[in-house]
Amino acid sequence: MAQLASLKRYLILIQKVKSKRYLTKAELLQYLNEQLKYEENTDKGISVRTLERMIGDIRSFMDISIEYCHKNKGYHIPEDEERESIVEKILEPLNLLYATIGAKRLPEYIYPEKRRSVGTEFMADIMNAIKENRNLSIRYAKFYPEVTEERLIQPHALKESRGRWYVLAFEKGNDVLKSYGLDRILDLEVLNSKFTPRDNLDVQAKYRHCFAMFTSDEEPQMIKLSFDERDGHYIQTMPIHASQKIYKEGNRVIVELFMSITLDLIMELMSRTWSIEVIAPQSLKDEFCRIYREALDRNSR
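Residues numbered from 1 in each chain as written. Predicted model: local features only at pLDDT ≥ 70, side-chain atom pairs only at ≥ 80, totals over all residues. Heavy atoms only, no water.

K.L.:
Would you explain the sheet that holds strand S11 (residues 277–280) in this entry?
P.N.:
Hydrogen bonds along the backbone pair up the strands of a sheet, which may run parallel or antiparallel. Within the open sheet, the four strands sit side by side as S9-S10-S8-S11. Their pairing is antiparallel. Since the sheet does not close on itself, it has two edges, and those belong to strand S9 (245–249) and S11, each with one partner. Averaged over all pairs of adjacent strands, the angle between their axes in this sheet comes to 25°, without regard to strand direction. Judged from the three bridges that link them, strand S8 (residues 221–228) and S11 form a sheet pairing that is antiparallel. Bridge pairing in S11 links Ser226 to Glu277. Contacting S8, S9 and strand S10 (252–259), helix H7 (residues 229–237) runs over the sheet at an angle of about 130° to S8. Contacts from helix H9 (residues 282–299) reach S8 and S11, with the element oriented near 150° to S11. (Pairing = 2+ DSSP bridges. Helix = DSSP H or I, 4+ residues; strand = E, 2+ residues; numbered from the N terminus. Axes fitted to C-alpha atoms, helices over the stretch in contact; angles between N-to-C directions. Contact = heavy atoms within 4.5 Å.)

Below, the structure written as structure tokens:
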């Protein structure tokens, strides 16, 4: 329980620094002690030394840096993309853990999403294989065609996309980087044999102009879309892509993207088919019309 109590304190501190930037040490101490009095029903406050140790522990064990900004005279979490994504990934499950510490089960008024990706039980083995450059033997069930195959792969990275995790790997003797969904791995063995990693592999660059897991050899292009105001609000709060620019024209919301057009992107855009209008490019508009015509034909029989 002592470790859980420390975890609660760390989470309170992270959330406060994240929600209100550039708090002084005195302000952080005041807030923490107020929260501890409420959460732990104790008047025993924490000291400056304890606060500094907490900040060090959070950096060491959670890879989140709470740093002091001399210009703004307060503490903050740096906004670089990689660290921000780590913060978000850590906070989401910890918020629920923090709220339910001490409970034997989730309260009846909490309804988490039941649709979850499977295969994450292999993640620790895959991470170790990546770090040690070890080959993986996997039994893999393909969706199309529906076959189960034995694969010997050289894992290089793990990537999440739309709630699913994938291992990015090369097959022996093949220079094409492929993605394997962890939800389709039936069995896995970390082998003693090692491989030489591809030093020139840039996973971020490979997916920079793509949506989800499909990649394309075609150059990215400007995509211009129009949505109604309701959809515009949703897209503004959850952008389709990092390149997204959004503005209003009359009662429509215009979204501009600089991306490669892939099947994953088309599927994402068509989820808002009641509102979307493709303005450019013409090739994407034509593809939408083709899909709509085929869907209309199937559903008019």
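What follows picks up the thread again.
K.L.:
I'm lost on a nonpolar patch on the surface in this one. Help?
P.N.:
Together, Phe214, Leu263 and Met267 make up an exposed nonpolar region whose accessible area comes to about 290 Å². Turning to its location among the elements, Phe214 is positioned in the loop between helix H6 (203–207) and S8. Taking the relative accessible area as the measure of exposure, Phe214 reaches 40% and is therefore partly exposed. (Patch = residues over 30% accessible without salt bridge, like charges linked within 9 Å, V, L, I, M, F, W, Y side chains within 5 Å. Areas by Shrake-Rupley, 256 points an atom, 1.4 Å probe, with all protein chains shown as cover. Salt bridge = Lys/Arg side-chain N within 4 Å of Asp/Glu carboxyl O. Buried < 20%, exposed > 50% of the residue type's maximum accessible area, 1.4 Å probe, protein only.)

K.L.:
When you look at the pairing of strand S5 (residues 164–171) in this model, what are you seeing that I'm missing?
P.N.:
Two faces, one strand: in a regular strand the side chains alternate between the faces of the sheet. With respect to burial, S5 is a largely interior element, six of its eight residues being buried. Of the pairings in the sheet, the one linking strand S4 (residues 148–161) to S5 comprises eight bridges and is antiparallel in character. Note on S5: the bridge partner recorded for Ile153 is Glu171. Between S4 and S5, which pair antiparallel in sequence order, lie two residues; one of them, Arg162, sits at a positive phi of approximately 55°. Where S5 lies against strand S6 (residues 178–181), four bridges are found, and the strand directions are antiparallel. Directly across from Val167, in S6, lies its bridge partner Tyr180. Two successive antiparallel strands, S5 and S6, enclose a turn made up of six residues, where Gly173 displays a positive phi of approximately 85°.

K.L.:
In this structure, what is going on with the pattern of salt bridges? I would like to understand it.
P.N.:
Charged atoms that come close allow side chains of opposite charge to pair. One pass over the structure, following the stated rule, counts 13 salt bridges. The partner of Arg164 in a salt bridge is Asp183, with the nearest N and O atoms 2.5 Å apart. One end of the pair, Arg164, is in strand S5; the other, Asp183, is in the loop between S6 and strand S7 (185–194), and 19 residues separate them in sequence. Classification of Arg164 by relative accessible area gives partly exposed; the value is 37%. Overall, the relative accessible area of 17% leaves Asp183 in the buried class. Residue Asp231 is joined to Arg272 by a salt bridge in which the shortest nitrogen-to-oxygen separation is 3.1 Å. In this pair, Asp231 is assigned in helix H7 and Arg272 in the loop between helix H8 (263–270) and S11, connecting sequence segments 41 residues apart. Given a relative accessible area of 1%, Asp231 falls into the buried group.

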